[in-house]
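# Fold and geometry: a report
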Amino acid sequence: MAPPMIRRSGWSRRAQYSLFFGFVALVAGAVLGLVLLTVSLVAPRTFADIRGAAIDATRPIAETGSAVAATVEGLASGAGDYWDAAEQNAALREERDELRRRLIEAEAVMRENIRLKQTIGLVERSREPIATGRIIGSSQDSPRRFAVLSVGSENGVANGMPVRSSRGLIGRVVDTGRFASRVLLVSDRANVVPAKLLRTDEAVIAKGRGDGTIDIRPLEVGRNPFRPGDIIATSGTGGLYPPLVPVAKVIRLDDDGAIAVPMARPAESGFAIVEPPFEPAALASDPLGDE
Amino acid sequence: MGRRSLSSSAQFRRGPVPGAAYWPPAMVLLASFFALWPVISFRGWWPDMALLFLIAWRLQRPLAFSPWFAPVAGLFNDLVAGHMIGLSVFTFSLAMIVAELIERRREWRDYASEWLVAAILIAVAELVQWQVARLNGADVPLAANGAPIVIAVLLFPLIAGIVNWADAKRLRDR
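All values derive from a computational prediction rather than experimental measurement.

### Focus on empty space enclosed by the protein
By the definition in use, this model includes seven cavities of 30 Å³ or more. If you go around the largest cavity, you meet 17 residues; those closest to its centre are Val148(A), Arg182(A), Leu36(B), Val80(B) and Ala81(B). Elements represented by at least two residues in the lining of the largest cavity include exactly α2 (48–83), β1 (131–138) and β2 (146–149) of chain A together with α4 (69–81) of chain B. With four residues, the single largest contributor to the lining of the largest cavity is α2(A). Of the residues contributing to the lining of the largest cavity, the split by class is 10 nonpolar, five polar and two charged. Mapping the lining of the largest cavity onto the domain boundaries places at least three of its residues in each of domain 1 (49–120) and domain 2 (127–278) of chain A.

Below is the structure:
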C-alpha cells in the first residue's frame with residue numbers, strides 16, 4: 001500500500017490547513033452548483049447555447065453507438081425471422097388481405113371526407129415536415145424522459161417544435177444544437193398534451209408518468225369514459241401539436257382516468273419527423289420549452 | 001518472485017506508472033459517456049456511472065482528487081448527460097463533502113461499511129435529482145426512485161472492484 005488509506009492530519013499545521021482548505025473548496029463547489037441549478041430552474045434559457053453545443057459535441061459518439069446497436073439488433077431479429085419464415089409468411093399474407101380490404105374502405109371514406117370538406121369550405125393547410133432525423137439516445141440516469149435527435153438548427157429545428165414518428169407523437173424539442181437536438185418525450189412528467197379520446201371525441205389531458213406510460217384524464221370529471229384499447233390522439237388545442245396525431249393506447253383504467261402506453265416507442269421507431277408548430281403563434285408567445 | 005525480479009529488469013519497473021495521478025479523474029470523466037449508451041430507455045433506471053466511479057475512487061483513495069475536481073466533473077457530466085446545468089456540480093460536491101464528514105468519524109474501514117457509505121451517497125444524489133425534477137415540473141412519485149437507487153447500490157461493488165483493480169494496476173501494487 002503506497003499512500004495512506006486513512007487521512008489523519010496529526011499535529012502538522014500545514015496538513016491541517018490543506019485539509020481545511022480542501023473542505024472549503026468542496027463547499028464552494030457545492031454552493032456554485034446550487035447557484036447554477038437555481039439559474040437553470042429560474043431562467044431555463046440561460047445555458048441554451050452551452051447545452052446545444054454539448055449535444056452537438058456528443059452526437060458522433062451517440063450516433064456511432066446507436067448504429068452499432070441497431071446492427072446487432074437487426075442481426076438478432078433477422079435470424080429469428082428466418083427461423084419461422086413459413087409461419088410468418090402465412091400470417092403476413094392473411095394480414096395483407098385484411099389490410100387491402102381496409103384500404104379500400106379508407107379510400108372511400110377519404111373521398112367522402114374531401115367532398116364534405118369542400119362543401120363546408122374548410123381549407124387544409126399543407127404541413128411540410130421541417131426535418132427528419134434519427135433518435136440516437138435517451139436520458140437513462142434521471143427521472144426525466146428525453147431523447148436525442150440527430151437533426152438541429154442547421155436543418156431548421158427550433159425549440160418547441162413537435163416531433164412525431166410514423167406511428168405517433170414522440171414529444172417536442174426542448175434543446176437545439178446545430179446538428180442535434182433534445183426532445184422532451186410524451187412520457188415525461190412535465191409533458192402535458194391536450195388530446196381527445198378518438199372513439200367519443202371527448203377532450204382529455206395526457207400527462208407522462210416518467211416510466212414509459214402516460215396518464216390520461218378526462219377534462220370533465222364524471223363517469224370514466226375509457227376502455228382498454230382506446231386510442232388517444234392530439235386534439236390540436238393550444239396550437240402546438242397538430243390535431244389527430246395518435247398519442248397513446250389505453251391499457252388499464254384507474255379510478256377516474258386511465259394509464260396508456262405511447263403509440264410511438266422511440267426505441268422502435270428510430271426515425272422521427274420534426275414538424276412546424278400547428279399554430280406558429282404558439283411558439284412565439286409561450287415559453288413551452290421548459291428545462 | 002525474488003529470483004525472477006533479480007534476473008530480469010522487473011525491479012526497475014516498479015512504482016506507479018507514468019501519469020498514475022490522472023487515472024481517477026480520467027476514469028470519472030470517461031464514465032460520463034455511459035449516458036450516451038445506445039439503449040433508448042423508458043424508465044431512467046440506469047445509474048449515474050460518473051457518480052459511482054467518483055465515489056468508488058474517493059473511498060479507495062481519499063486523496064485521489066483535488067477538491068476542485070468534483071464540481072468540474074459535475075459540470076462535464078451535466079453537459080454530456082443532458083442534466084440541468086448545476087445538478088451534478090452540486091451532487092458531486094455534496095457527495096465529496098459527505099464522504100469527508102463520514103470519514104472523519106469513522107474508526108475503521110471494511111467492505112460492508114464502505115458499501116453503506118456509498119449507498120448513502122448514492123441515495124442522497126438520487127433524492128437531490130428527484131427534488132430538482134419536481135421543482136422543474138416533473139413530479140415523479142418518491143416511490144419511483146427506489147428502483148434506480150437499488151440498482152445503483154447493487155452495482156457499486158462491481159464499480160469498486162474495477163476501481164480497486166485499476167488502482168493496483170496504476171500503482172503496480174501487485
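### A short note on a nonpolar patch on the surface
On the surface, Tyr17(A), Phe20(A), Phe21(A) and Val24(A) cluster together into a nonpolar patch covering about 430 Å² of accessible area. By secondary structure assignment, the location of Val24(A) is in helix α1 (residues 13–42).

### Details of helix α3 (residues 49–60) of chain B
Residue and element names in this part refer to chain B. Relative to the 16 Å expected for 12 residues at 1.5 Å per residue, α3 spans 16 Å between its end C-alpha atoms, a close match to the ideal helical length. Inspection of α3 places Met49, Ala50, Leu51, Leu52, Phe53, Leu54, Ile55, Ala56, Trp57, Arg58, Leu59 and Gln60 among the buried residues, and these make up the whole buried set. On the buried face of α3, the contacting elements are α2 (23–31), α4, α5 (87–105), α6 (111–135) and α7 (146–171).

### Quick word on the interface of chain A and chain B
Contact with chain A, which involves 54 residues of that partner, is made by 58 residues of chain B. Between chain A and chain B, roughly 5100 Å² of surface is buried when both sides are summed, and carbon and sulfur atoms account for 64% of that area. Put simply, chain A and chain B have zero salt bridges between them. Of all the secondary structure elements, the ones that give two or more residues to the side of chain A that touches chain B are α1, α2, β1 and α4 (266–269) of chain A. Per element, the largest residue contribution to the side of chain A that touches chain B is 15 residues, and it comes from α1(A).

### Topic: the confidence of the model for chain A
Residues and elements named next belong to chain A. Of the residues in chain A, 89% reach a pLDDT of 70 or more, and the chain-wide mean stands at 81. Overall, residues 1–5 carries pLDDT values under 50, and its contacts beyond four positions in sequence, including any with other chains, amount to eight contacts. Note on residues 285–291: pLDDT is under 50 here. Beyond four places in sequence and across chains, it has 20 contacts.

### Looking at the pattern of salt bridges
Residue and element names in this part refer to chain A. Applying the stated criterion across every chain, the model contains 20 salt bridges over all chains. Here Glu98 ties to Arg102 by a salt bridge, and the two come within 3.4 Å at their closest N and O atoms. Here Arg102 and Glu98 lie together in helix α3 (residues 85–120), a separation of four residues that amounts to about one turn. Judged by relative accessible area, Glu98 falls into the partly exposed class, the value being 30%. When salt bridges that share partners are traced, they join Asp215, Arg217, Asp254 and Asp256 into one network.

### Description of the sheet that holds strand β12 (residues 271–274) of chain A
Within a sheet, adjacent strands bond to each other through the backbone by hydrogen bonds, running parallel or antiparallel. Residue and element names in this part refer to chain A. In spatial order, the strands read β1-β2-β5-β4-β3-β12; together these six strands close into a barrel with antiparallel pairing. Strand-to-strand twist of the sheet, defined as the mean angle between neighbouring strand axes without regard to direction, takes the value 45°. The pairing of β1 with β12 spans four bridges and is antiparallel. Considered in β12, the bridge of Arg134 is made with Phe271. Set on the sheet, α2 makes contact with β1, β2, β4 (169–176) and β5 (181–185); between it and β1 the angle comes to about 80°.

### Quick word on the pairing of β2(A)
Residues and elements named next belong to chain A. Burial along β2 is two-sided: the residues Phe146 and Val148 and Ala147 and Leu149 are all buried. Note that β2 and β5 share four bridges and pair antiparallel. Following the sheet pairing, Val148 is matched in β5 by Arg182.

### Re the sheet that holds strand β9 (residues 231–234) of chain A
Residues and elements named next belong to chain A. As summarised here, the arrangement of the six strands in space is β6-β7-β8-β11-β10-β9, forming a closed barrel in which the pairing is antiparallel. The mean inter-strand angle of the sheet, taken between neighbouring strand axes irrespective of direction, is 40°. Relative to strand β11 (residues 258–262), strand β8 (residues 214–218) runs antiparallel, the two sharing three bridges. Looking across to β11, one finds that Ile216 is bridged to Ala258.

Procedures and definitions
- Residues numbered from 1 in each chain as written.
- Chains lettered and ligands numbered in written order.
- Predicted model: local features only at pLDDT ≥ 70, side-chain atom pairs only at ≥ 80, totals over all residues.
- Heavy atoms only, no water.
- 1 Å grid on protein atoms, 1.4 Å probe; cavity = no way out; pocket = protein on both sides within 12 Å on 5 of 7 lines; lining within 4 Å.
- Points joined across faces, edges and corners; volume = space filled by probe spheres on them.
- Helix = DSSP H or I, 4+ residues; strand = E, 2+ residues; numbered from the N terminus.
- Nonpolar A, V, L, I, M, F, W, Y, C, P; charged D, E, K, R; others polar.
- Domains from an automatic or database assignment.
- Patch = residues over 30% accessible without salt bridge, like charges linked within 9 Å, V, L, I, M, F, W, Y side chains within 5 Å.
- Areas by Shrake-Rupley, 256 points an atom, 1.4 Å probe, with all protein chains shown as cover.
- Salt bridge = Lys/Arg side-chain N within 4 Å of Asp/Glu carboxyl O.
- Expected span 1.5 Å × (residues − 1).
- Buried < 20%, exposed > 50% of the residue type's maximum accessible area, 1.4 Å probe, protein only.
- Contact = heavy atoms within 4.5 Å.
- Buried area = accessible area lost by both parts, 1.4 Å probe.
- pLDDT = per-residue confidence, 0-100.
- Pairing = 2+ DSSP bridges.
- Axes fitted to C-alpha atoms, helices over the stretch in contact; angles between N-to-C directions.

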